[in-house]
Amino acid sequence: MKDLLNHHPSAWPEIFAQMGVAKFHGRNAARWVFQRGAHSWTEMTDLPANLREQLQAEAPLGCAKLLTSSGAKDGAEKVLLELEDSATVEAVGMPGTAGRTVCLSTQVGCPVRCAFCASGLEGLGRNLSQGEILEQALWLRRAQGPFQRVVIMGMGEAGFNLDAVLGALDVLMDPEGFGMSARRITLSTVGPKGALPRIAEWGRPVTLALSLHAPDDALRHELVPGVAKRTIEETLTEVDELFAANGREYTVEYVLLAGVNDSPDQATALADLLFQRRCHVNLIPYNPVEETEFDRPSDYSMESFAKRLQDRGLSVTLRRSLGRQADAACGQLRRRQRPPSRPATEV
Ligand code: SAH
């Protein structure tokens, strides 16, 4: 926890005081980092040189190194960061009509092992700290310029790392941090046990995105094995309660997989499930991952699925796949960089 980025900027003055440094330098340093984008003490030219040296030695400001940055024709750009223990993590910046969006990771790998997702192929490496989550935003801003929206939709399951994730979101929203409005932040989760009630208790009006992917428990458990003990009904009840707590309509995410979850009957079942709930449905065309055996449905089939939901009164978007050329599907850049080491017994 030595890294300052693991602490809310309002705590920096006190941390400085504990180092024998005047508190106002702590407030000034937070402004340098979060508002002016400084990445090192040497950049903070209005701090006395001897103080900068002391801080350099005693108070690290993040530890990530930029390994690669890959661009795409549509403007999505991915950065791969190497952390202190040489674990790697990725984050993506994407242009859009409402400004730039950055997509941040919450874990190295993922324990949920969704059948169609690259992030969980090797299971969970470890949780990211609050500072490591914030560093992704800081690096993306440095590499690509300011952003207007944040989506917690990179590698990892936020619901298993809520201390760090909610801490990072608090800094993103704080006027002494990035000063973002909660309305510009989306937190995506499969809704593991305890996560949604905890987010409701936290209460900030960020948009919750629930990764559902199936209209019935049997299929959801196959596609999202990490929540195989939970029912769809209890999960949806919890997001309804979250809506009651923070007043924000939620998003239901549904990756469309040909012949698996895209039939007309499944659309009807999904519509029945979501009828009169305060949600918006985000249909995501499957983005092919080499190691999995799914196919993306035809455009016709995806549009028919969307239409069936719309005809039942649901608000629906069929998400355009931004960043396909940048390998923007979860986990793919990291795998390209570091091919998985196979156990010796496996041939
Ligand atoms: N762990 C979080 C964040 C995952 S990434 C969650 O599950 O919500 C954001 C969305 O992209 C999730 O809905 C996830 O299921 C989806 N996704 C993962 N792999 C995908 C792929 N290959 N093609 C399309 N969407 C994918």
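Since this is a predicted model, take the numbers as computed values, not measurements. (Residues numbered from 1 in each chain as written. Predicted model: local features only at pLDDT ≥ 70, side-chain atom pairs only at ≥ 80, totals over all residues. Heavy atoms only, no water.)

Peer 1: What exactly am I supposed to notice about the packing of aromatic side chains here?
Peer 2: Describing an aromatic ring pair means giving the distance of the ring centres and the angle of the ring planes. Counting across every chain of the model gives six aromatic pairs. Taken together through their ring pairs, the aromatic side chains of Trp 12, Phe 34, Phe 147 and Phe 178 make up a single cluster. Sitting above the plane of the Trp 32 ring, Arg 36 keeps its charged end 3.8 Å from the centroid. (Phe/Tyr/Trp six-rings, centres within 6.5 Å; stacked < 30°, edge-to-face > 60°. Lys NZ or Arg CZ within 6 Å of the ring centre and 35° of its normal.)

Peer 1: Explain helix H10 (residues 299-311) here, please?
Peer 2: For an α-helix the count is 3.6 residues per turn, leaving residues at separations of three or four pointing the same way. In a regular helix each residue adds 1.5 Å, so 13 residues correspond to 18 Å; H10 covers 18 Å between its end C-alpha atoms and thus fits that length. Where H10 is concerned, the buried positions are Ser 301, Met 302, Phe 305, Ala 306 and Leu 309. Seen along its axis, H10 keeps its buried residues to an arc of 135 degrees; they face one direction. Along H10, the residues that are exposed and aim more than 90 degrees away from the buried face are Asp 299, Tyr 300 and Asp 311. Lining the buried residues of H10 we find strand E10 (250-256), helix H9 (264-274), strand E11 (279-285) and strand E12 (315-318). (Helix = DSSP H or I, 4+ residues; strand = E, 2+ residues; numbered from the N terminus. Expected span 1.5 Å × (residues − 1). Buried < 20%, exposed > 50% of the residue type's maximum accessible area, 1.4 Å probe, protein only. Arc of directions from axis to C-beta. Contact = heavy atoms within 4.5 Å.)

Peer 1: Just checking my understanding: could you explain the sheet that holds strand E2 (residues 77-82) for this structure?
Peer 2: Sheet strands pair via backbone hydrogen bonds, and the direction of the pair is either parallel or antiparallel. Pairing within the open sheet is mixed, and its 10 strands lie in the order E1-E2-E3-E4-E7-E8-E9-E10-E11-E12. The sheet terminates laterally at strand E1 (65-70) and E12, the two strands that pair on one side only. Ignoring strand direction, the axes of neighbouring strands in this sheet form an average angle of 20 degrees. When strand E4 (residues 101-103) meets strand E7 (residues 149-152), the two strands line up parallel, connected through three bridges. Each residue of the ladder has a partner; that of Val 102, found in E7, is Val 150. Set on the sheet, helix H5 (residues 162-173) makes contact with E7 and strand E8 (185-189); between it and E8 the angle comes to about 170 degrees. (Pairing = 2+ DSSP bridges. Axes fitted to C-alpha atoms, helices over the stretch in contact; angles between N-to-C directions.)

Peer 1: Would you mind going over the site of the ligand with me for this structure?
Peer 2: Around the ligand there are 19 residues in total, and Gly 156, Ser 188, Ser 211, His 213 and Asn 287 lie nearest to it. Interatomic distance of 2.9 Å between a backbone N/O atom of Gly 156 and a nitrogen atom of the ligand. In this structure, an oxygen atom belonging to the ligand sits 3.3 Å away from a main-chain N or O atom of Thr 189. Calculation on the ligand without its partners gives an accessible area of 530 Å², and the protein chains cover 95% of this total. (Near = heavy atom within 4 Å. Polar contact = N/O pair within 3.5 Å; in protein donor to acceptor, adjacent residues only side chain to side chain. Areas by Shrake-Rupley, 256 points an atom, 1.4 Å probe, with all protein chains shown as cover.)

Peer 1: Is there a simple way to think about the packing of helix H4 (residues 130-144) against H5 in this case?
Peer 2: Packed helices, taken two at a time, are described by the angle their axes make and the gap between the axes. Where H4 meets H5, the axes come as close as 8 Å, and the angle between the chain directions of the two elements is 45 degrees. With respect to each other, H4 and H5 are oriented oblique. In this structure, H4 crosses over H5, and the sense of that crossing is right-handed. Counted together, Gln 130, Ile 133, Leu 134 and Ala 137 of H4 and Ala 164, Val 165, Gly 167, Ala 168, Val 171 and Leu 172 of H5 form the full contact between these two elements. The residue makeup of the contact of H4 with H5, split by class, is eight nonpolar, two polar and no charged. (Parallel < 35°, antiparallel > 145°, perpendicular 65-115°, else oblique. Left-handed = near helix turned anticlockwise from the far one by under 90°. Nonpolar A, V, L, I, M, F, W, Y, C, P; charged D, E, K, R; others polar.)

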